[in-house]
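In case you want the letters, here they are:
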Amino acid sequence: MEWILMTLASLLAGFVDAIVGGGGLVMVPALFAAFPGAPPATLLGTNKAASVWGTAMATWQYSRKVQIRWSAMLPAAAAGFAGSFVGAWAVTVVSADFLRKLLPLVLLGVLLYTLAKKELGRHHTPRFAGRAEVIAACLIGVLIGFYDGFFGPGTGSFFVFLFVRLLGYDFLNASASAKLLNCATNIAAIALFAAKGHVWWHFAVTLAVANVLGSLLGTHMALKHGTGFVRGIFIVVVSTLILKTGYDAFLR
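What counts and what doesn't
Throughout this description, residue numbers start from 1 for each chain and increase along the sequence as written. Confidence filtering applies because this is a predicted model: local features only for residues at pLDDT of at least 70, side-chain atom pairs given and counted only at 80 or more, and all residues used for totals across whole chains, interfaces and linings. Computation of side-chain values covers all heavy atoms of the structure but excludes hydrogens and water. Runs of E in the DSSP output that reach at least two residues are strands. Runs of H or I that reach at least four are helices, and both are numbered from the N terminus. Accessible area is worked out with a 1.4 Å probe on protein chains only. A residue is then buried under 20% of its type maximum, exposed over 50%, and partly exposed in between. We call two residues contacting when some pair of their heavy atoms lies within 4.5 Å. For this analysis, a ring pair means two rings from Phe, Tyr or Trp (six-membered ring only for Trp) whose centres lie within 6.5 Å, classed as stacked if their planes differ by under 30 degrees, edge-to-face if by over 60, and tilted for the remaining angles. For a lysine, the NZ atom is tested; for an arginine, the CZ atom; a charge sits over a ring if that atom is within 6 Å of the ring centre and within 35 degrees of the ring normal.

1. Some thoughts on the side chain of Ser175
Then, number 1: Positionally, Ser175 belongs in helix 8 (residues 171-195).
Then, number 2: The exposure class of Ser175 is buried, given its relative accessible area of 0%.
Then, number 3: In this structure, Ser175 is in contact with Ala18, Ile19, Val20, Tyr62, Val160 and Val230, ignoring residues within four places of it in sequence.

Given below as structure tokens:
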């Protein structure tokens, strides 16, 4: 029964994650509910090992239809990888508890700003070009990459928001670029988890297949319905993140 439920959860997680990020909202609670006695690091590592395949598939699907700005995004992905690895190391020496109470407030700010700016992310008008875009994208990559390794929830949503707000991308292009960077940060985390033996590979393979199928469906929906659809899903995911992280921080 656990296999069936987790496969369905991974399918849904891949669908949501492909559109705007936030697949961990589905997968991580499902893993903890199904295996309450397992070490948290093992469940997190297994989630990453499964979800990275859906993220990689979404990146490839988007790249066929969306003009990803590779000259800026590839260096940014490398910066995200490095940031995530350092963040994963940092959490072994510094407590991340202070972020639990700060995160829902930051996400609330992101949500209110997005709702207030009705035209935010509706038009693709990049603000930078050349070296300036590379530097700006790398700063976003290393900052959110570090956050992903150190804490994690909402990483994809933060990538999307910053690409829209700071780089001037629309939500569809921001989501496509976010997938590439999120893939890099996930690989860094998997390397650390795997090195410490915190991945159930036999379980991750089944979940990865389901995640890829969900990712294909989510990418198809995003490309078919465009920026307005992605913006709507972004608002739903961020709202859910606020409720989840707020509960964890203040009520649990």
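2. Here we look at the packing of aromatic side chains
Then, number 1: Taken as a whole and assessed by the stated rule, the structure comprises 13 aromatic pairs.
Then, number 2: Look at Phe146 and Phe150: their rings are 5.6 Å apart centre to centre, the planes differ by 15°, and that puts the pair in the stacked class. Of this pair, Phe146 and Phe150 both sit in helix 6 (residues 130-150), separated by four residues, roughly a single helical turn.
Then, number 3: Among the residues examined, Phe150 registers a relative accessible area of 8% and is labelled buried.
Then, number 4: By way of ring pairs, the aromatic residues Trp3, Phe35, Trp200 and Phe203 are connected into one cluster.
Then, number 5: The aromatic ring of Trp60 is capped on one face by Arg64, whose charged end is 4.8 Å from the ring centroid.

3. Notes on the environment of Gly23
Then, number 1: With respect to the secondary-structure elements, Gly23 resides in the loop between helix 1 (2-20) and helix 2 (24-34).
Then, number 2: Its relative accessible area of 6% is what places Gly23 among the buried residues.
Then, number 3: Sequence separation between Gly23 and Leu11 is 12 residues; the distance between their C-alpha atoms is 9.5 Å.

Fair warning: the whole summary comes from geometry, so function is off the table for now.
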